[in-house]
Amino acid sequence: VAKEKSLLLKAAKRSKTPGVMITQYVMNLPEGKSTPDFISKPTPLTIDEGKLAVFKAVVKGDPKPEVSWKRAKGNILEKQKFLSKYDESTGEYILEVSNSVIPHVTDTYKCHAVNEYGKAVWTTTLTVNEGKIFIQHTLKHDSSTNPADFRKLLKKRHFCMTDGESDEKFWDAMLNADRKDYERICSEFGVTDLHSILKKLEEKKKERAQNNFILSVTLLCTLQDGVSPYDEDEKLKNDPRSIGRTKHFSTNGLMQNGTGLYEGDVDEINLLSNVDFVIKIQETKAKEREDALFECVLTHPLSKITWMGKGSNLEDGEKYSITVSDHKLIHRLLIRDCQQLDKGIYSAVAGITTCSAWLVVEAESNLAGKKIGRKTTLAGGARIDLEKVAKEQQIKYRQEMEKILASVKAKHDGGQLKEKMTLTTGGGDGKNSEITEPDKNAGDIKDKSDTAKASAQPVGRKGKTKRKNSKGDGTVSKLDNSGCVTKADVQLRISPDDHFSIAKDGPIHKLVITKCVDEHSGKYRFEADGRKTEAMINVKDPPRFHPEDLNDFTEPVIIKVGHNAIFKLHFVGFKPIKIKWYREGEELHDDTNTKIEKCESRSLLLLSRCQRKDTGEIKIKLKNEHGFTEAVSQLIVLDKPTSPLGPAEVTESSAAGIEFKWRPPKDDGGSPVINYIMERQQVGRNTWKKIGEIPGVPCYRDTDVDRGRKYCYRIRAVTAEGTSEVMETDEMQAGTLAFPGPPAPPKVVSAFDDCINLSWAAPSNTGGSRILGYILEKRKKGSNLWTVVNAMDELIKEKKYAVKDVVEGMEYEFRVTAINLSGPGESSNPSEFVFARDPKMRPKFTNNKMKTFIVVRAGNSVRITVNFEASPRPDIMWLKDNIPVTKRVTISNSDGSSQLLIPSSERSDSGIYSILVKNLVGQETFSTEVRVTDDPKPPGPVQLEENVPETVTVIWEPSPDEKRDDRLHYTVSKLDSTKRTWSTVADRLFNNKFTVCNIMHGREYHFRVYAKNDMGISAPSESPTWGMEKKKCFVINAPTRRDCDLRCAPSFIVPLKLHSAPKGYECHMSCAVKGNPTPRITWYRNHVSLNTNTNYYTSNTCGVCSMLILRVGPKDMGEYTITAENSLGRAECSTVLSVQGERKHSHTDI
């Protein structure tokens, strides 16, 4: 089976579910069959250690796919750890991962759905957060301990909870230790109840995190109106043991947003459980050598999240660039230079929340086999305005923090936090500077100046807490209990100069720093009317080249073989800078021929004694902590060319000379071939004759040869760098006089009265040299003299020719002779005799879209054009109704067409026009009916009669055009007094009366009769009003007489007929019945009433009873009966309906 599957054609198929990979085994799927696909795919999971992980998937496919689960770093065969099952009620395939049994289950999992037509694969991830599972493993380990070991543990001193100093040391060690050291610490302190200790340890960790969270929010409240102060001491003071005495906490990468609120990553504060993704990373498609970008937006600012690719953590480096926005809400992962190995699932992990997406790398077609160059384009997922989303989220987060600050500040102002606090803030590179808050309130310190002042206290890149001014003094700020920042004795004020410019536009103050350098990094403060605001500037200094040096470097370095090549570049950037040199993508290191010199501001590459193989791309790459750059140059090493490539190929060998060719050198040494040096030796002699230099085309024709002699040649290639080694050919023999053989007899392609077209095949024997051309001869039938068609100096190059020197009606034959370098060869056999005349062809009409019926308005022209083919030229005749057309009809004939024209048509021109095309071979006829008419005249007066109650018979006089136009017909329209529009009650009437049914008493009716033909419709003829007034007049004027008894029993005037209808078609049954009082009508099929059956439509109009079956089927076959019944009697009529194509089946089994 595996062998058969390997022979199937596999094709990639796109799934409707994003991220699902489908492989189709066959090119064309059978009808009703399908490959597997995922309706509901497993989602990536991030769970706490000790909990159960459950993946669920719903698949589809015909036949039903088989579902299996796999993992990247192991197997799932152990049932106690991995349980795979199927839920029939929901159709879900479930994989349960027991995390309590095996803690290291963080991995990439794949779900496979396979049937005989293909397979579908979905990849997902499972991330486990380490936690309480350690307790279970520890207890399990303790249960397996030897009882003798328990006795030893019991002999140790018991931990006394009343000992304050021991208690503090124990909890201090437990809080700061890893989980693997818990058992050792408990053993050292003599603690045996590990389970209760671990439970209490969790409570203490929560308590410490809660206290630190209060302190962190207090810090934010304190910094809301002032500057982040710092102490002179750079020592890190972040110790959780100081809770209750001197409170310490730290913020890393402290920043200020637009409202003066400080945001940062506060240590030991567990806020990750509240973080979620506003915008998750999207599936990204990139081509090879492109860069791919994943982006996401968080609900809360985080300085760093974890990026994972195919189950492994990703680090910032040359391949991956991990960046975060200033407000720490937008996180980006850039994958440089995508290859096929990079495709897969990538995940962003923020706390316990995870989002994943596919990276699809499309292969770049490269038919020439060349190396694909690096592309500068960027591929990303769905383009969303992330900055706009982040701004909105930042506002929400700020409002949330303001609520927390308000509540904490209320407690702070109430005196709940009056203890001494040590504050640690981040410097320029993440190092900390310390700020100490005194216990006593120092009071609010206000700025004495009324005017706005700009002051700067930059913090250096190395995180120093002091920044010396021009006098060399340091600046120290102190934070009092009220949150205001006091001014130090000396501050570095900013004044406008070459680098700084200060501008004011109403309430807006601007500080512009031009041409930022590393010295401008630091913290800047603006003060106005006692209010302060700050901002931090970090000037990144990635490596970069001097423009002039870079232009010189990119120019190719061209040297001769054996010489030295030197590449050097000057650069600037933040130190240290890593320098690497590459040649054709391979890194260079110092060796005997390679020397690399690296300095702070420049680097030099020396390649000694370069060879031709050293030609290629030279690249330098610089990198520091702020970025990287690279520059590319080319090294071209010139050398003499290699020898020309053989063997030489003889293209012509004749008595007149030898012509041969060869291939140019494989490597021209970096310079094009200018000439070739030729030498010749006659076989049997020891001397070589110098022929000289020929142009740089690899072919030569030697005409100074003797017939039948053999020769050898030496060839050298010449370039600007020198002459190559020699290439010697094999022996070549000059030919003798060898004439070509006879060509094939000429064939007649076509013949006309003034031209005969011929073609022939080349001779099978060319005589050892190329065919120069052909000579064609002709001869009349009955003559012995052959005449040359073309002269010797006008050879026929192609194997065909059109002979125009012929006499019409004469019969000719032809022969052809081939000529090579030796001369003309033997003539071919004569061709068949052919007449110089046009070929015979039966007339044939070439226009398939000619109309067979034409309607023309009287007075307009009639034009009929017919195209045909015929040879010889035919005779043409036009007929009207089988009689030749009159002189008022104009006929125009040409070689391939004929036209009939009637300039101004009359009604008498109507008829059938026929064209007869006839020659010696045969004849052909085509006919067209022409109808000359005009808009019809309206019908005559309209009269109304009532022959049957509730009906009106409309009678009209015929239109005057009825006798002249046999296609004229009538249309009747009706207007009811209760309606506003006219309705058509009859159309295409070819008589002069029509009975309208369903006439209601008490309403007025109007009727119109129109005459219609192929040209249009006439004006209407109006009828008199029919309705209520006429009836009243009749009743009033009727004489009083004795009423007659008109009652009678029902009887059928027109019976039902037998019906046979095709399956699926309509069937309409009708009959006429009379009776007074009006009888009640009932329809039956096989003695079952149909009056309540909605599949049959029945009606009774003035005694005309009808039933309609829309779609006749086998179930409708049988006997149909209609009954009419009133108080005087009952009558019935029957018929049989048969369905064509159906027959009654016998109940007898065969």
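Residues numbered from 1 in each chain as written. Predicted model: local features only at pLDDT ≥ 70, side-chain atom pairs only at ≥ 80, totals over all residues. Heavy atoms only, no water.

Considerations on the overall build of the chain
As a reminder of what qualifies: Strands are runs of DSSP state E lasting at least 2 residues, helices are runs of H or I lasting at least 4, and numbering of each runs from the N terminus. Buried, partly exposed and exposed residues are distinguished by accessible area as a fraction of the type maximum, computed with a 1.4 Å probe on protein chains only: under 20%, between the cut-offs, and over 50%, respectively. The contact criterion used is simple: two residues touch if any of their non-hydrogen atoms lie within 4.5 Å. In short, Shrake-Rupley with a 1.4 Å probe defines the accessible areas, and a residue's cover is counted only from the protein chains shown.
On a plain count of helices and strands, the chain comes out with 9 helices and 81 strands. In the chain, which comprises 1150 residues, the share counted as buried stands at 39%. Considering only residue pairs separated by 6 or more positions, the chain has 64% of its internal contacts joining residues 24 or more positions apart. Total accessible area on the chain stands at roughly 66,900 Å², and carbon and sulfur atoms take up 50% of it.

Observations concerning the sheet that holds strand β67 (residues 952-956)
Sheets are built from strands that pair by backbone hydrogen bonding, the pairs being arranged parallel or antiparallel. The line we're drawing: Any two strands with at least two DSSP bridges between them are considered paired. Angular values range over 0 to 180 degrees, each being the angle between N-to-C directions of two axes fitted as lines to C-alpha atoms, with helices fitted over their stretch in contact.
On the basis of which strands lie adjacent, the open sheet formed by 3 strands has the order β66-β67-β70 and antiparallel pairing. Of all the strands in the sheet, the pair left with one neighbour each is β66 (942-945) and β70 (993-996). Looking at each pair of strands side by side, their axes are set apart by 20° on average, direction ignored. As judged from the 4 bridges shared by β66 and β67, these two strands associate in the antiparallel manner. Counted as the bridge partner of E945 is T953 from β67.

Here we look at the pattern of salt bridges
Oppositely charged side chains can pair when the atoms bearing their charge come close. Selection rule: Definition used for salt bridges: Asp or Glu carboxyl oxygen within 4 Å of a side-chain nitrogen of Lys or Arg.
Counted under the stated rule, the structure contains 41 salt bridges. Here R1080 ties to E1125 by a salt bridge, and the two come within 4.0 Å at their closest N and O atoms. Here E1125 lies in strand β80 (residues 1118-1126) and R1080 lies in strand β76 (residues 1080-1085), a separation of 45 residues in the sequence. Residue E1125 is classed as partly exposed on the basis of its relative accessible area, which comes to 35%. Put simply, K1115 and D1116 hold a salt bridge, and the shortest N to O gap is 3.5 Å. Assessed through its relative accessible area of 55%, K1115 is described here as exposed. Residues joined by salt bridges that share partners form a network here, namely E652, E659, R701 and R770.

Some thoughts on the nonpolar core
Stated formally: Put simply, a nonpolar core is a bunch of buried Ala, Val, Leu, Ile, Met, Phe, Trp, Tyr and Cys residues held in one set by side-chain atoms that sit within 4.5 Å of each other.
Of all hydrophobic cores here, the largest spans 26 residues; its most connected members are F38, F55, W69, V97, Y109 and L126. Residue assignment for this core shows that the elements contributing at least two residues are β4 (45-48), β5 (52-62), β6 (66-71), β8 (92-98), β9 (107-115) and β10 (118-129). Setting aside residues no more than four positions away along its own chain, Y109 makes contact with F55, K70, R71, F82, L95, V97, W122, T123, T124 and L126.

A few points about the environment of D961
Here is the rule we go by: Side-chain atoms alone can form a polar contact between residues adjacent in sequence; in general such a contact is a pair of N or O atoms within 3.5 Å, and within protein one must be able to donate a hydrogen while the other accepts it.
Within the secondary structure layout, D961 lies in the loop between β67 and β68 (969-976). We classify D961 as buried; its relative accessible area is 2%. Taking the C-alpha atoms as reference points, D961 and K937, separated by 24 residues in sequence, lie 6.5 Å from one another. A polar side-chain atom of D961 sits 2.7 Å from a polar atom in the side chain of R964.

Structural notes on the sheet that holds strand β38 (residues 616-624)
Overall, mixed pairing links the 5 strands, which are arranged β32-β39-β38-β34-β35 in an open sheet. Every interior strand has two partners, whereas the edge strands, β32 (557-560) and β35 (586-587), have only one. Direction of pairing for strand β34 (residues 578-583) relative to β38: antiparallel, over a ladder of 6 bridges. When the bridges of β38 are listed, K578 appears paired with K623. The strands touched by helix α8 (residues 547-554) are β34, β38 and β39 (627-638); relative to β39, the strand with the most contacts, the crossing angle is about 35°.

A closer look at the packing of aromatic side chains
Rules: When the centres of two rings from Phe, Tyr and Trp lie within 6.5 Å, Trp using its six-membered ring, the rings pair. Their planes under 30 degrees apart give stacked, over 60 give edge-to-face, and anything left gives tilted. Counting as a charge over the ring demands two things of the Lys NZ or Arg CZ atom: a distance within 6 Å of the ring centre and an angle within 35 degrees of the ring normal.
Within this structure, the stated rule accounts for 16 aromatic pairs. Ring geometry for F170 and F189: centres 5.3 Å apart, planes at 70°, overall edge-to-face. Note that F170 is positioned in helix α4 (residues 164-176) and F189 in the loop between α5 (182-188) and α6 (194-223), a separation of 19 residues in sequence. F170 sits in the buried class, given a relative accessible area of 0%. Pairwise contacts between aromatic rings join F660, W662, Y676, Y700 and Y713 into one cluster. Of note, R837 hangs over the ring of F835, and the distance from its end group to the ring centre comes to 4.4 Å.

As for the environment of A286
For A286, the position within the fold is in strand β14 (residues 284-287). Separated by 57 residues in the primary sequence, A286 and K343 place their C-alpha atoms 9.3 Å from one another.

A short note on the pairing of β5
With 4 bridges connecting them, strand β3 (residues 34-40) and β5 associate as antiparallel partners. The residue bridging F38 from the neighbouring strand is V59, located in β5. Inspection of the sheet shows β5 paired to β8 by 6 bridges, in the antiparallel sense. Pairing of F55 across the sheet is with L95, part of β8.

A few points about the state of the cysteines
What is meant by a disulfide is a covalent connection between two cysteines, made through their sulfur atoms. Threshold: Cysteine sulfur atoms are paired as a disulfide whenever they fall within 2.5 Å.
Applying the stated rule across the entire model yields 0 disulfides. C355 provides the cysteine sulfur closest to C296, a residue in no disulfide bond, and the two sulfurs are 5.4 Å apart. Judged by relative accessible area, which is 0%, C296 ranks as buried. Lacking any disulfide linkage, C1071 is separated from the closest cysteine sulfur, that of C1105, by 4.9 Å.

Some words on the side chain of D37
This is how the line gets drawn: Asp and Glu are treated as the negative residues and Lys and Arg as the positive ones, with His and the ends of the chain left uncounted.
With respect to the helices, strands and loops of the structure, D37 is situated in strand β3. This buried residue, D37, is left without a salt bridge; K60 holds the nearest opposite charge, at 4.7 Å. Ignoring sequence-local partners within four residues, the contact set of D37 consists of S15, K16, T17, V20, I22, V58, V59, K60 and A120.

Overview of the side chain of S831
Assignment of secondary structure puts S831 in the loop between β55 (823-827) and β56 (834-835). For S831, a relative accessible area of 7% corresponds to the buried category. For S831, the residues in contact, after removing those within four places along its chain, are P746, E813 and F814.

Section: unusual backbone geometry
Trans peptide bonds make up most of the peptide bonds, and negative phi angles are found at most residues other than glycine. Along the chain, G646 connects to P647 via a cis peptide bond; the corresponding omega equals 0°. Here P647 is to be found in strand β40 (residues 645-654). The residue after N1076, namely P1077, is reached through a cis peptide bond having omega 0°. Along the chain, the position of P1077 falls in the loop between β75 (1067-1076) and β76.

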